[in-house]
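Each chain is listed here by its residues.
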Amino acid sequence: MKFNYSDIKALIGREEIQISVNNIKAYLKGKNVLVTGAAGSIGSELCRQLVKLEIKNLIMFDNAETPLHNIRMEFEDSYPNFHFSPIIGDVRQIERLDYVFRTFHPDIVFHAAAYKHVPLMEENPCESVLVNVIGSRNVADKCVEYGVSKMIMISTDKAVNPTNIMGCTKRLAEIYVQSLGLLIEGNERLGKTQFITTRFGNVLGSTGSVIPRFIEQIKKGGPVTVTDPKICRYFMTIPEACRLVLESTVLIDGTHIFVFDMGKPIKISDLAYKMIAHAGYEVGKDICIQYTGLRPGEKLCEEVLATKENTISIEHERIFVAKVRKYDYYEINRVISSLEKLSRAVEIPETVKLMKQTVPEFKSKHSVFEIYDA
């Protein structure tokens, strides 16, 4: 079954968002750029777009050996004269991060490293905290220590009113980097780093997403599994999401959370119907769709990111600034230190309870952790 980029792009049902490449190139030209999670779906596409923007050096940081090896081979074939540095490392290991920062002195950091799969993180909450929260704190702290100009963190729509562990850990990461950035802006801490967070929804075609899964299920003759007939999500293509992440570096100065206008939500069942038809089959006759029930932590529909009530408009018609509650840096730093200790000790109940105390809008759904919402 062939399903190329044009087919994936057609599934979002709207025109892709375009950006002003010249402004981005002018800003990034000649800079050292670090991408964490560089071998992942978003990280690798960011690298592919960055290499075309005349940056000085690209530091590709990831703990997944084979995917990083593969993208290294791709870059050596496609960009033989470009200088890039693939580095095996883990954002949880602060000593390894320190080596990267003191060796390569990045000017800009794109932080894409994260655990992202909702059901898996619901089953492994302490690891989710260590990667998504502690890892993000480690990267942010090194950015300040080594004088990085901007850190751009990839977040998710699941951080808004989270119903699962993954979404809450991403919200906690947002809170930490925002409070740190505002501390610097208020001259309460020495530093020059501006912290930008970008929130967007599901990415079509990313590793582990519905499209690769549906393709495999169709190849096997079905059934194609959908959790609920009414479940819907906001989608972007991988290149589109990465273009907007790059655009966010040049929009406005300061520490902000940017949210993207992702158009209208798409029903997952409609995606399944379209993909089965594209493969030349008829639903119900050749391949059936099977509804399996919502998984732990899943919402029926994700939050609308860009509304007049929760965002502030800027010059870009498809990117907005989120209105968010501000946290005291010293208090959130204390909480995150406690979360780190609890997670390293794998104290699951206490970890989840503290997460819920810190992010009161975190209400679990279809999860064993609902008992802590009482």
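Within each chain, residues carry numbers counting from 1 in the order of the written sequence. Two thresholds apply to this predicted model, a pLDDT of at least 70 for residue-level local features and 80 or more for giving and counting side-chain atom pairs, whereas whole-chain, interface and lining totals are computed over all residues. As a convention, hydrogens and water are excluded, and side-chain values are obtained from all of the structure's heavy atoms.

Caption draft 1: Highlighting the environment of H83. Runs of E in the DSSP output that reach at least two residues are strands. Runs of H or I that reach at least four are helices, and both are numbered from the N terminus. One can find H83 in the loop between α4 (65–78) and β3 (84–88). Within 3.5 Å is the distance limit for a polar contact, defined as a pair of N or O atoms, with the added protein rule that one can donate a hydrogen and the other accept it, and that residues adjacent in sequence qualify only through two side-chain atoms. There is a polar contact of 2.8 Å between the side chain of H83 and the side chain of N57.

Caption draft 2: Spatial organisation of the state of the cysteines. Working definition: a disulfide is two cysteine sulfur atoms within 2.5 Å of each other. Tallied over the full model, the rule gives one disulfide. Here C232 connects covalently by a disulfide to C301, the sulfurs 2.3 Å from one another. Here the S-S torsion is close to 120°, and the disulfide linking C232 with C301 is therefore right-handed. Separated by 69 residues along the polypeptide, C232 in strand β9 (residues 232–233) and C301 in the loop between β13 (289–291) and β14 (311–313) bring together distant segments of the chain. Here C301 falls in the partly exposed class, since its relative accessible area comes to 36%. Among the cysteines around C168, which has no disulfide bond, C126 carries the closest sulfur, lying 13 Å off. The buried label applies to any residue whose accessible area, calculated with a 1.4 Å probe on protein chains only, is under 20% of its type's maximum; exposed applies above 50%, and partly exposed to all values in between. Relative accessible area serves as the criterion here: at 0%, C168 is assigned to the buried category.

Caption draft 3: Structural detail: helix α12 (residues 329–344). Expected helix span is taken as 1.5 Å per residue step, with the number of steps being one fewer than the number of residues. With 16 residues, α12 extends 22 Å between its outermost C-alpha atoms, agreeing within 8% with the 22 Å of an ideal straight helix rising 1.5 Å per residue. For α12, the complete set of buried residues consists of Y329, I332, V335, I336, L339, E340 and S343. With its buried residues spanning 145° around the axis, α12 presents them on a single face. Tucked into the core, α12 has its buried residues touching α7 (125–145), α8 (165–185) and α13 (348–358). Looking at where α12 begins, the residue whose side-chain oxygen comes 3.2 Å from the main-chain nitrogen of Y330 is D328. Following α12 by one or two positions, V346 has its phi on the positive side, about 55°. This arc corresponds to the set of directions leading from the helix axis out to the C-beta atoms. Contacts are assigned to residue pairs with any non-hydrogen atoms lying within 4.5 Å of each other.

Caption draft 4: Broad picture of the environment of E347. Position of E347 relative to the elements: it lies in the loop between α12 and α13. For the pair formed by E347 and I266, sequence separation is 81 residues and the distance between their alpha carbons is 38 Å.

Caption draft 5: Just the pairing of strand β15 (residues 319–322), in detail. Any two strands are treated as partners once DSSP identifies two or more bridges connecting them. Pairing analysis gives three bridges linking strand β11 (residues 256–260) to β15, with the strands arranged antiparallel. When the bridges of β15 are listed, F260 appears paired with I319. In this structure, the hairpin formed by β14 and β15 is closed by a connection of five residues.

Caption draft 6: Seen up close, the sheet that holds β14. If you trace the nine strands from one edge of the open sheet to the other, you get β3-β2-β1-β4-β5-β6-β11-β15-β14, paired in mixed fashion. Strands with a single pairing partner mark the edges of an open sheet, and in this sheet they are β3 and β14. Taking the axes of each pair of neighbouring strands and ignoring which way they run, one obtains an average angle of 25° across the sheet. Both strand β1 (residues 32–36) and strand β2 (residues 57–62) contribute to a ladder of five bridges, which runs parallel. Across the sheet, V33 pairs through a bridge with L58, a residue of β2. Only the stretch in contact is used when a helix axis is fitted, and all axes are lines through C-alpha atoms; the angle between N-to-C directions ranges over 0 to 180 degrees.

Caption draft 7: Summary view of the nonpolar core. In this structure, M151, L172, Y176, F195, I332 and M355 are the most contacted members of the largest nonpolar core, which totals 45 residues. For this core, the elements supplying multiple residues, two or more each, are β2, α5 (94–104), α7, β5 (150–154), α8, α12 and α13. Looking at this core, the element that brings in the most residues is α8, giving 10 residues. With residues near it in sequence (within four places) discarded, I332 still touches L172, I175, Y176, S179, Y327 and T358. Nonpolar cores are built from buried Ala, Val, Leu, Ile, Met, Phe, Trp, Tyr and Cys residues. Side-chain atoms within 4.5 Å join them into one set.

Caption draft 8: View of the pattern of salt bridges. When a carboxyl oxygen of Asp or Glu is within 4 Å of a side-chain nitrogen of Lys or Arg, the pair counts as a salt bridge. The full count for this structure, using the stated rule, is 22 salt bridges. Here E145 makes a salt bridge to K142, at a shortest N to O gap of 2.9 Å. Placement of the pair is E145 and K142 together in helix α7, with a separation of three residues, close to one helical turn. Look at K142 and you get buried, because its relative accessible area is 9%. Across the pair K353 and E350 runs a salt bridge, and its minimum N-O distance is 3.4 Å. In this pair, K353 and E350 are both assigned in helix α13, three residues apart and thus about one turn of the helix distant.

Structural measurements only, silent on function.
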